[in-house]
Amino acid sequence: MYPAEFDYVKVSSLEEAISLKQQGDENSILAGGHSLIPAMKLRLSTPQKLIDISGLNQYKNISNNGSHISIGALCTHKQCAESDVIQQNCPALSDAASVIGDPHVRNKGTIGGALAHSDPQADYPGAILALNATMVVKGSSGERTIAADDYFTGLWETALGEGELLTEIRIPVNPMNANSCYVKFPQPASRYPYVGCGVALSSSGGNCSDIRVGFSGVGEWAFRDAGIENALKGEALNASSIAAAAEKATEGKAVLSDHFVSEEYRRAMSKVFAKRAITKVS
C-alpha cells in the first residue's frame, strides 16, 4: 500500500521541530523511519506533516561523561552495537542493538525513534530498564528527565508529553552496568523478541549484591521483574539459586498471547531466558 498524502519538512534545529510538532497532533517526527514508514504504508499512521530531524547531527554522538554514558537520540542501532564506550560500560545495550532486525534496519533506525515509538515487542526497553537509564526530553517549556522505570506507561505509550522530543539517553557508569547483558528468543522472520531479557548484576563475596531485570516482548509494555530481583538479592550465585530466582519470572504480570506464541509459552520462555541472562553475568 501507499501512504496517505502528507507534507514534508526537514528541519535545521530541534526548536524548529518542536514548534512544528505543536502546530498539530497529526504532525509526526521522522528520524530513521523504520517504525513510522511501515505504519504509514499500512495507513495505520496518517500524519499531515512529516518533520524530518535526521539532519540534526548534534544528536548522533556517544560519549562517556564520567558519571554517565550519553547517547544521542539519533544514534543508529549500528552505532550503539559497535560503540566501544557502550560495549565497555553497558554491554546490555550493545547486545540489544546488535540483534535488532537486519543490517538495513540497524544502519538507518535510531535508538531515540525506537524508544519514542515504544513498540511492546522492541529490544531496547528490556535493556534500558536493566541499565537504570534516564531519558532526556525537550519541549517548548524546556528540558526534563524521565527515569526508565517511569518511561514505559502502557501499550505503545510513554511518559513523553505532547510536543516533547526525546533527545538523549543517559546510562549510569558503574560496575553493575558494566556487568550486564541482553538475550532474546526471536521471531524467526521479523527478529522481534517473543522474550527479551536484560540483566545488570553486582556481586560481593560470591553473593548477589544487587540485580535489575528488564523484560521486552513479554507484556503489553516493558517491565522490571521484581520477583526475580528479590529472590536473588543477597543469595549465593550458583546454579540452584539462579534457577530458583528465574522461576519467579513474570509472576503477577499480564503476559501477551498471539497467534505465534501463547501466554503459557511466553511465561515458560521468560524463565528460560532470565536464567540464561543471569548465568551469563554471574
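Okay, so let's go over this structure.

Conventions and cut-offs
For every chain, the first residue of its written sequence is number 1, and the numbers climb from 1 along that sequence. Given that the model is predicted, a residue must reach a pLDDT of at least 70 before its local features are reported, and side-chain atom pairs must reach 80 or more before they are shown or counted; all residues, however, enter totals for whole chains, interfaces and linings. For the side-chain quantities, the full set of heavy atoms in the structure was used; hydrogens and water were omitted. Only DSSP runs of H or I with at least four residues qualify as helices, and only runs of E with at least two residues qualify as strands; both kinds are numbered from the N terminus onward. Here the term buried applies to any residue with accessible area under 20% of the maximum for its type, exposed to any over 50%, and partly exposed to those in between, with areas from a 1.4 Å probe on protein chains only. Note on definitions: a residue-residue contact is assigned when non-hydrogen atoms from the two residues lie within 4.5 Å. In short, DSSP must find at least two bridges between two strands for them to pair. What counts as an axis is a line fitted to C-alpha atoms, over the stretch in contact for a helix, and the angles between N-to-C directions run from 0 to 180 degrees. Any pair of nitrogen or oxygen atoms within 3.5 Å is treated as a polar contact; in protein, a donor-acceptor pairing is required on top of that, and neighbouring residues in sequence qualify only through side-chain atoms on both sides. Pairing of aromatic rings covers Phe, Tyr and Trp, the last through its six-membered ring, and needs centres within 6.5 Å; plane angles under 30 degrees mean stacked, over 60 mean edge-to-face, and all others mean tilted. Should the NZ of a Lys or the CZ of an Arg lie within 6 Å of a ring centre and within 35 degrees of the ring normal, that charge is described as sitting over the ring. In this scheme, a helix's expected span is set at 1.5 Å multiplied by one less than its residue total. It is the directions from the helix axis to the C-beta atoms whose arc is reported.

Comments concerning the overall build of the chain
Step number 1: Secondary structure assignment for the chain yields 13 helices and 14 strands.
Step number 2: Seen through its C-alpha atoms, the chain measures out along the principal axes to roughly 60 × 45 × 35 Å.
Step number 3: Counting across all 282 residues of the chain, residues that qualify as buried make up 49%.
Step number 4: Looking at the chain alone, contacts between residues at least 24 apart form 61% of all its contacts between residues at least 6 apart.

Focus on the sheet that holds strand β5 (residues 68-72)
Step number 1: Ordered in space as β4-β5-β10-β6-β7, the five strands form an open sheet in which the pairing is antiparallel. For this open sheet the edge positions go to β4 (62-64) and β7 (142-147), each flanked by a neighbour on one side alone. For this sheet, the mean inter-axis angle between neighbouring strands, taken without regard to orientation, is 20°.
Step number 2: Of the pairings in the sheet, the one linking strand β6 (residues 134-139) to strand β10 (residues 165-172) comprises five bridges and is antiparallel in character. Each bridged residue has a counterpart across the sheet, and for Met-135 the counterpart in β10 is Ile-169.

Things to note about the sheet that holds strand β12 (residues 193-204)
Step number 1: Within the open sheet, the four strands sit side by side as β11-β12-β13-β14. Their pairing is antiparallel. Only two strands of the sheet have a single partner each, and these edge strands are β11 (180-186) and β14 (223-224).
Step number 2: Sitting on the sheet, helix α13 (residues 263-281) touches β11, β12 and β13 (207-216), and the angle it makes with β12 is about 35°.

Re the side chain of Ser-94
Step number 1: Mapped onto the elements, Ser-94 comes out in helix α5 (residues 91-98).
Step number 2: There is a polar contact of 2.9 Å between the side chain of Ser-94 and the backbone oxygen of Pro-91.

A word on the packing of aromatic side chains
Step number 1: For the coordinates displayed, the defined rule picks out six aromatic pairs.
Step number 2: Consider the rings of Tyr-194 and Phe-260, whose centres lie 6.3 Å apart with planes at 40°: the pair is tilted. Of this pair, Tyr-194 sits in strand β12 while Phe-260 is found in the loop between α12 (239-246) and α13, placing the two residues 66 residues apart along the sequence.
Step number 3: Here Tyr-194 falls in the buried class, since its relative accessible area comes to 9%.
Step number 4: Three or more aromatic residues link up through ring pairs in this structure, and these residues are Phe-185, Tyr-194, Phe-260, Tyr-265 and Phe-273.
Step number 5: Across the ring face of Phe-273, the terminal group of Arg-276 is positioned such that the distance to the ring centre comes to 4.6 Å.

A word on α13
Step number 1: For α13, which comprises 19 residues, the first-to-last C-alpha distance of 27 Å matches the rise-based estimate of 27 Å (1.5 Å per residue) to within 8%.
Step number 2: Among the residues of α13, Arg-266, Met-269, Ser-270, Phe-273, Ala-274, Ala-277, Ile-278 and Val-281 are the ones counted as buried. For α13, the buried positions fall inside an angular range of 165° around the axis, keeping them on one side. The exposed residues of α13 that point more than 90 degrees off its buried face are Glu-264 and Arg-276.
Step number 3: Of the surrounding elements, those touching the buried residues of α13 are β11, β12, β13, α11 (226-232) and α12.

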